[in-house]
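Examination of the molecular architecture
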Amino acid sequence: MYRLYYSPGAASLLPHLLLLETGAPHELVLVDIPSGANRDPDYLKLNPNGLVPTLIVDGRPVAETAALLLLLCERHADAGLAPAPGSTGRAAFLQGVLFLANTLQPAFRLWFYPSDAGAVDEAILKASLRQRIEGCFAQLAAQLDDGRPYLLGEQLSALDFYATMLMRWSRNMPKPATEWPALKALADRIRARPSWRRLYEIEGLTEWA
């Protein structure tokens with residue numbers, strides 16, 4: 001039994017989706033970020049950075065969105081959400097996960113919390129971040145230009161869920177990810193899945209359904 005500490009629509013959305021996709025037994029613990037629950041001393045013992053997600057695995061806390069993606073894919077390999085180690089598609093999968101984790105997700109962090117960048121001109125920062133985020137989406141769209149349904153080809157993977165979560169975060173930006181037809185098509189495929197609909201019910205989400 002896993003225990004996922006989550007906040008609706010935050011980065012915890014990805015491991016929550018993967019738990020639903022794999023059918024792994026789990027329980028949820030809401031971290032009410034607006035009330036400061038992520039800074040509660042008890043939570044900081046689990047996640048010293050005060051972020052979500054945190055997943056309790058075999059009694060121990062594990063953090064970092066991409067790490068949880070890789071861990072859940074490894075522990076539930078029968079779900080087929082990642083190419084097997086040593087297989088042809090493994091390198092592209094790992095490259096894709098780290099691209100999202102190291103390039104796109106951090107840009108969103110600063111977009112939503114520009115004060116994290118320190119004493120900088122917010123307008124200049126946001127213009128730069130918008131360029132970076134849109135550049136990342138353009139790269140993802142280019143992967144789909146050959147007509148493939150998913151980022152790795154014909155086979156759905158956890159990479160598609162990760163990308164869709166980040167696309168959702170762009171919904172109120174000047175140019176959301178769905179402005180790229182290929183990305184909208186990918187998002188529509190993920191949003192049509194039972195796991196996505198179930199997550200929306202559980203987390204009480206309504207926008208970008």
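Shown above is the structure to which this text applies.
Bear in mind the structure is a predicted one, so any value in this text is a computation, not a measurement.

Definitions and cut-offs
Residues numbered from 1 in each chain as written. Predicted model: local features only at pLDDT ≥ 70, side-chain atom pairs only at ≥ 80, totals over all residues. Heavy atoms only, no water. Buried < 20%, exposed > 50% of the residue type's maximum accessible area, 1.4 Å probe, protein only. Helix = DSSP H or I, 4+ residues; strand = E, 2+ residues; numbered from the N terminus. Pairing = 2+ DSSP bridges. Axes fitted to C-alpha atoms, helices over the stretch in contact; angles between N-to-C directions. Contact = heavy atoms within 4.5 Å. 1 Å grid on protein atoms, 1.4 Å probe; cavity = no way out; pocket = protein on both sides within 12 Å on 5 of 7 lines; lining within 4 Å. Points joined across faces, edges and corners; volume = space filled by probe spheres on them. Nonpolar A, V, L, I, M, F, W, Y, C, P; charged D, E, K, R; others polar. Arc of directions from axis to C-beta.

For strand β1 (residues 2-6), a buried count of four out of five residues is recorded, marking the element as mostly surrounded by other parts of the structure. Judged from the five bridges that link them, β1 and strand β2 (residues 26-30) form a sheet pairing that is parallel. If you follow Tyr5 over to β2, its bridge partner there is Val29. Direction of pairing for β1 relative to strand β3 (residues 54-57): antiparallel, over a ladder of three bridges. Within β3, the position partnered with Arg3 by the bridge is Ile56.

Once that is clear, we can look at the sheet that holds β3. In spatial order, the strands read β2-β1-β3-β4; together these four strands make up an open sheet with mixed pairing. Every other strand in the sheet has two partners, leaving β2 and β4 (60-63) as the edge strands with one partner each. Mean inter-strand twist for the sheet, computed between neighbouring axes without regard to direction, equals 25°. Sheet contacts for helix α3 (residues 65-75): β1, β3 and β4; angle to β4, the most-contacted strand, approximately 120°.

Another point: the environment of Ala177. Residue placement: Ala177 occurs in the loop between α6 (158-169) and α7 (181-191). Each C-alpha atom, one on Ala177 and one on Leu4, is 28 Å from the other, the two residues being 173 residues apart in sequence. The residues contacting Ala177, other than those within four sequence positions of it, are Phe137, Met167, Ser170 and Leu183.

A few words now on the layout of surface pockets. The gaps left among the atoms become clear once a water-sized probe is rolled over them. By volume, the largest pocket is sized at about 950 Å³. Around the largest pocket, the lining is made up of 35 residues, and of these Ala11, Val52, Arg109, Tyr113 and Trp169 lie nearest the centre. Mapped onto the lining of the largest pocket, the elements with two or more residues apiece are α3, α4 (90-112) and α6. Considering every element that reaches the lining of the largest pocket, the biggest residue donor is α4, with eight residues. The class makeup of the residues in the lining of the largest pocket is 19 nonpolar, eleven polar and five charged. Along its surface, the second largest pocket is lined by Leu70, Leu71, Cys73, Glu74, Ala77, Leu81, Ala82, Pro83, Ala84, Pro85, Arg90 and Phe93. Looking at the lining of the second largest pocket, the element that brings in the most residues is α3, giving four residues. Its residues placed into classes, the lining of the second largest pocket shows ten nonpolar, no polar and two charged.

To continue, consider helix α8 (residues 194-203). Among the residues of α8, Ser195, Trp196, Leu199, Tyr200 and Glu203 are the ones counted as buried. Viewed along the axis of α8, the buried residues span an arc of 140°, placing them on a single side of the element. Exposed residues on α8 whose side chains face more than 90 degrees from its buried face are Pro194 and Glu201. Residues of α8 that are buried in the fold lie against β1, α1 (13-22), α6 and α7. Gly204 sits one or two residues past α8 and shows a positive phi near 70°.

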